[in-house]
Amino acid sequence: MNPTDACGLQYDGEASGGLLGPEFRAAAGLPVINVAGCPPHPDWITETLAMLAHGRLRAEHLDDFGRPRFFADQLVHHGCPRNEYYEFKASAEKHSDQGCLMEHLGCKGTQAHADCNQRLWNGEGSCLRGGYACIRCTEPGFEEPGHAFEATPKVAGIPIGLPADMPKAWFIALAALSKSATPSRVRENATADHQLRAPSVKRSKK
Ligand code: SF4
């Protein structure tokens, strides 16, 4: 539903065009710069403005959707503290759990271009660190996913939204292998709201 025909300045969702048209260039020769996010990280705005003020932001520094690549060449998944759970497909079952939020709770951090888990908010936070799944808010069309934000749509038990760059068959094979090798520590901690088991200490043989 878009009763007011609202659109972006140079994109309408993923479609190039928008209000100004795909050929628009500003006086400095740049297309519209999309500092994406809901909301965008304050650093993304100030860094973009600083680069512009110093004449250091050029067209090659923008990605396919006009987002500055200094933040859009990363994924939210990079640096997420739940990565060990992701590796073993040890999933959270409710929001207070420590496990990965992809399988059951709608996390799209493996598809969202942003450095939220490396450039923390207020120096210490991110959606994932606050217990919320990434809703992919730096991507076009995120606002109408076609399902509840906190749900993971699946077909035959396989999440529809697979990680960027990963073929579906690989994901299925790797997920099955990972689940079969999940350490009990990781499995138990994934569905708890605090650490139940610490990593074991191994002594070197001398
Ligand atoms: S919760 Fe999301 S961002 Fe974090 S490891 Fe899982 S899939 Fe990646």
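These numbers were taken from a predicted model, which means no experiment stands behind them.

## Examining the nonpolar core
- V76, C100, L101, C107 and C134 are the most contacted members of the largest nonpolar core, which has 25 residues in total.
- At the level of secondary structure, the elements contributing two or more residues to this core comprise α2 (69-72), α3 (83-87) and α4 (102-105).

## Regarding the site of the ligand
- Taken together, 14 residues lie near the ligand, and C80, Y86, C100, C107 and G109 sit nearest.
- Of the residues belonging to the shell around the ligand, the class tally is nine nonpolar, four polar and one charged.

## Things to note about the domain arrangement of the chain
- In terms of domains, the chain is made up of domain 1 (11-72) and domain 2 (81-112 + 126-187).
- Taken together, the contacts link eight residues of domain 1 with four residues of domain 2.

## Quick word on unusual backbone geometry
- With an omega dihedral of 0°, the bond running from C38 to P39 counts as a cis peptide bond.
- Among the secondary structure elements, P39 is positioned in the loop between β2 (15-16) and α1 (42-53).
- Phi at A156 takes a positive value of approximately 55°, unusual for a residue other than glycine.
- Structurally, A156 can be placed in the loop between β3 (154-155) and β4 (158-159).
- One non-glycine residue, D165, lies in the positive phi region at around 75°.
- Within the element layout of this structure, D165 appears in the loop between β4 and α5 (168-180).
- Using a count of 9 C-beta atoms within 10 Å as the deciding quantity, one classes D165 as exposed.

Criteria and thresholds
Residues numbered from 1 in each chain as written. Predicted model: local features only at pLDDT ≥ 70, side-chain atom pairs only at ≥ 80, totals over all residues. Core = buried A, V, L, I, M, F, W, Y, C linked by C-beta atoms within 7 Å. Buried ≥ 20, exposed ≤ 12 C-beta atoms within 10 Å, placed from the backbone. Helix = DSSP H or I, 4+ residues; strand = E, 2+ residues; numbered from the N terminus. Near = placed C-beta within 6 Å. Nonpolar A, V, L, I, M, F, W, Y, C, P; charged D, E, K, R; others polar. Domains from an automatic or database assignment. Contact = placed C-beta atoms within 7 Å.

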